[in-house]
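The primary structure of each chain is shown beneath.
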Amino acid sequence: MLTINTIRENRDFVIERLKIKNFKDLSVIDTIIELDNNRRTAQKSADDAQAEMNILSKEIGRLFQTGKTAEANQAKDRTSVLKENIKEYNQKYEEVSTKLNQLLVQVPNLPHASVPVGKTPEDNVLVRGNDIKVNLPEGALPHWDLGTKYDFLDFDLGTKLTGAGFPVFKGKGAKLQRALINFFLDENEKAGYREILPPLMVNEDSGFGTGQLPDKEGQMYHCQIDNFYLIPTAEVPVTNIYRDVILDASELPCKNTAYTPCFRREAGSYGKDVRGLNRVHQFDKVEIVQIAHPDHSYAALEEMVNHVEGIVKKLELPYRIIKLCGGDMSFTSALTYDFEVYAAAQGRWLEVSSVSNFESYQANRLKLRFKEKGDKKTTLAHTLNGSSLALPRIVAALLENNQTPEGIRVPEILQSFTGFSMIN
RNA sequence: GGAGAGAUGCCGGAGUGGUCGAACGGGGCAGUCUCGAAAACUGUUGUCCUGCUACGCGGGACCGGGGGUUCGAAUCCCUUUCUCUCCGCCA
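Right, let's walk through the structure included here. (Residues numbered from 1 in each chain as written. Chains lettered and ligands numbered in written order. Predicted model: local features only at pLDDT ≥ 70, side-chain atom pairs only at ≥ 80, totals over all residues. Heavy atoms only, no water.)

1. Remarks on helix α3 (residues 27-65)
Owing to its 3.6 residues per turn, the α-helix brings residues three or four apart onto one side.
In step 1: With 39 residues, α3 extends 57 Å from end C-alpha to end C-alpha; this agrees with the ideal 57 Å at 1.5 Å per step.
In step 2: With its phi angle positive at about 80°, Gly-67 sits one or two positions after the end of α3. (Helix = DSSP H or I, 4+ residues; strand = E, 2+ residues; numbered from the N terminus. Expected span 1.5 Å × (residues − 1).)

2. With respect to the sheet that holds strand β17 (residues 403-404)
Strand pairing in a sheet relies on backbone hydrogen bonds, with the paired strands running either antiparallel or parallel.
In step 1: The antiparallel open sheet is built from three strands, whose spatial order is β17-β18-β19. The strands lining the two open edges of the sheet, one partner per strand, are β17 and β19 (422-423).
In step 2: One ladder, built from two bridges, connects β17 with strand β18 (residues 407-409); its direction is antiparallel. Each bridged residue has a counterpart across the sheet, and for Thr-404 the counterpart in β18 is Gly-407.
In step 3: Across the face of the sheet, helix α5 (residues 143-150) comes into contact with β17, β18 and β19 while running at roughly 120° to β18. (Pairing = 2+ DSSP bridges. Contact = heavy atoms within 4.5 Å. Axes fitted to C-alpha atoms, helices over the stretch in contact; angles between N-to-C directions.)

3. As for helix α10 (residues 297-314)
In step 1: Between the first and last C-alpha of α10 there are 26 Å, a value that for 18 residues agrees with the 26 Å anticipated at 1.5 Å per step.
In step 2: What α10 keeps buried is the set Ser-297, Ala-300, Leu-301, Met-304, Val-305, His-307, Val-308, Glu-309, Ile-311 and Val-312.
In step 3: Of the residues one or two after α10, Glu-316 is the one with positive phi, at around 60°. (Buried < 20%, exposed > 50% of the residue type's maximum accessible area, 1.4 Å probe, protein only.)

4. Digging into the sheet that holds strand β12 (residues 335-343)
In step 1: Read from one edge to the other, the open sheet built from eight strands follows the order β1-β11-β12-β13-β16-β10-β9-β4, with strand pairing classed as mixed. The sheet is open, and its two edges are formed by β1 (125-129) and β4 (194-196), each paired on a single side. The average undirected angle you get between the axes of adjacent strands in this sheet is 25°.
In step 2: Pairing analysis gives three bridges linking strand β13 (residues 348-359) to strand β16 (residues 382-390), with the strands arranged antiparallel. What sits directly across from Glu-359, in β16, is Thr-383.
In step 3: Here helix α7 (residues 172-190) sits on the sheet in contact with β4, β9 (254-263), β10 (282-292) and β16, set at roughly 5° to β10.
In step 4: Across the sheet, α10 lies against β1, β9, β10, β11 (319-323), β12, β13 and β16, angled at about 5° from β16, the strand it touches most.

5. Observations regarding the protein's contact with RNA strand B
In step 1: Arg-39, Gln-43, Arg-369, Lys-371 and Thr-378 are the nearest of the 21 residues found near RNA strand B.
In step 2: Between RNA strand B and the protein, one listed contact pairs a sugar or linking oxygen with a side-chain N or O atom of Gln-43 at 2.6 Å.
In step 3: Residue Asn-54 places a side-chain N or O atom 3.2 Å away from a phosphate oxygen belonging to RNA strand B.
In step 4: Broken down by element, the surface near RNA strand B gets its largest block of residues, 13 residues, from α3.
In step 5: When grouped by side-chain class, the residues that make up the surface near RNA strand B number five nonpolar, seven polar and nine charged. (Near = heavy atom within 4 Å. Polar contact = N/O pair within 3.5 Å; in protein donor to acceptor, adjacent residues only side chain to side chain. Nonpolar A, V, L, I, M, F, W, Y, C, P; charged D, E, K, R; others polar.)

6. Some thoughts on the pattern of salt bridges
In step 1: With the rule as written, the count across this model stands at 15 salt bridges.
In step 2: Across the pair Arg-39 and Asp-36 runs a salt bridge whose closest N-O atoms are separated by 2.1 Å. Of this pair, Arg-39 and Asp-36 both sit in helix α3, three residues apart, which is roughly one turn of the helix.
In step 3: Arg-39 gets classed as buried once you look at its relative accessible area, which sits at 17%.
In step 4: Here Asp-151 makes a salt bridge to Lys-170, at a shortest N to O gap of 2.9 Å. Of this pair, Asp-151 sits in the loop between α5 and β2 (153-154) while Lys-170 is found in the loop between β3 (168-169) and α7, placing the two residues 19 residues apart along the sequence.
In step 5: Judged by its relative accessible area of 23%, Lys-170 falls in the partly exposed class. (Salt bridge = Lys/Arg side-chain N within 4 Å of Asp/Glu carboxyl O.)

Read these as layout, nothing more, since geometry by itself doesn't imply function.
As structure tokens, then:
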């Protein structure tokens with residue numbers, strides 16, 4: 001969330017920026033400032049009363065110790081009023097700050113100055129791409145039919161085992177997944193990312209830290225008995241490594257990568273857009289996460305985009321990089337680039353990566369700070385993450401684009417990982 | 001799942017209900033010594049909120065989390081989470 005000081009000190013600027021994100025309820029900003037004023041007043045009153053109480057208590061202690069019991073008891077009588085006041089002020093304080101926090105978490109991150117104005121995906125801006133042309137053979141099939149034809153991907157079996165949206169990979173299909181995961185992790189490691197294998201379930205604090213909770217609760221699978229959430233992305237556990245941490249500035253940037261399955265409930269989407277691997281409830285993804293110094297976070301973002309681009313290129317897929325407009329960006333992001341690859345048999349662009357700078361928005365929730373050498377003050381760090389990459393749609397595009405009458409060709413770069421060059 | 005023990009500052013580790021934000025040791029930082037370094041010695045050493053005639057001076061909070069008793073709680077009570085040991089079960 002935004003810090004209260006950002007809002008206090010830059011009221012007009014904040015409102016201007018929020019408009020770009022299509023945030024409607026702009027009046028909360030003034031409500032927040034007012035509540036914060038009330039909060040400060042209540043705290044001042046409570047603190048003053050408490051200070052008086054502390055002095056009085058010490059005095060009573062001294063009186064008892066010197067045997068002046070009568071005077072001590074007399075002094076005790078005076079505390080009851082103070083006690084009552086403190087309680088009252090504290091109640092007021094709690095009440096106001098609870099309300100304040102409820103509003104604060106509802107305010108999205110401010111978009112970066114370069115974010116295009118717009119409301120829908122149509123307003124996103126194409127940054128760059130390549131011009132690979134796919135020559136499909138006669139009677140080319142979408143990937144779900146290819147899966148059936150060559151018996152390496154089975155949606156019905158997944159439905160039997162669990163339910164819709166839980167595909168089963170078999171044989172070369174399963175090996176292809178493993179190959180992609182290893183390939184992605186190796187590429188990330190070469191770029192300086194440390195590999196992490198995190199828990200797939202997280203607690204409430206972690207869900208809050210990265211912004212999934214409280215609002216997007218319904219998007220995660222919830223294990224109610226233990227109050228754990230199945231992670232929707234490795235971003236959650238990996239970023240939360242740094243929750244409540246004060247880093248030394250010299251440790252920045254922290255670069256981590258993790259492969260994890262991801263679980264998403266994604267209620268409410270049906271139809272041809274979500275057929276096959278286009279949208280599933282469980283999928284594999286390799287994620288990269290950076291904790292960066294605020295002065296360098298946008299350089300880090302560029303670095304991440306270039307890195308992901310390098311991987312996509314090696315897979316010989318038609319791709320494009322898109323800068324999201326204010327209205328299409330996620331709640332927590334300040335600037336997001338999406339990667340899309342072209343799945344030729346479907347004739348559709350599929351999003352396979354989203355690389356974002358959250359600036360200090362997550363860090364504020366996480367209490368992730370750093371300290372310059374010799375400096376007493378702590379500063380919120382910047383967090384960034386991106387997929388490198390999400391498997392299902394990469395697989396969909398690979399399968400569809402590389403189909404031949406003899407079978408599906410495995411891209412050169414993957415063959416040493418798969419151990420085969422054709423799925424047939 | 002059953003029984004017990006514990007949770008204190010960067011780490012280790014004390015702490016009788018009343019100058020305890022917390023002894024002591026280690027580490028870190030600064031200084032003295034040195035051509036430099038080590039050793040030794042000296043000093044310093046958290047976080048958050050907040051007030052003001054602000055690179056300074058105050059106030060409040062924090063001893064796992066939450067609640068309670070008390071004029072006063074790290075210290076007593078309740079509750080919760082986590083860790084460790086033993087038993088059971090299990091990959």
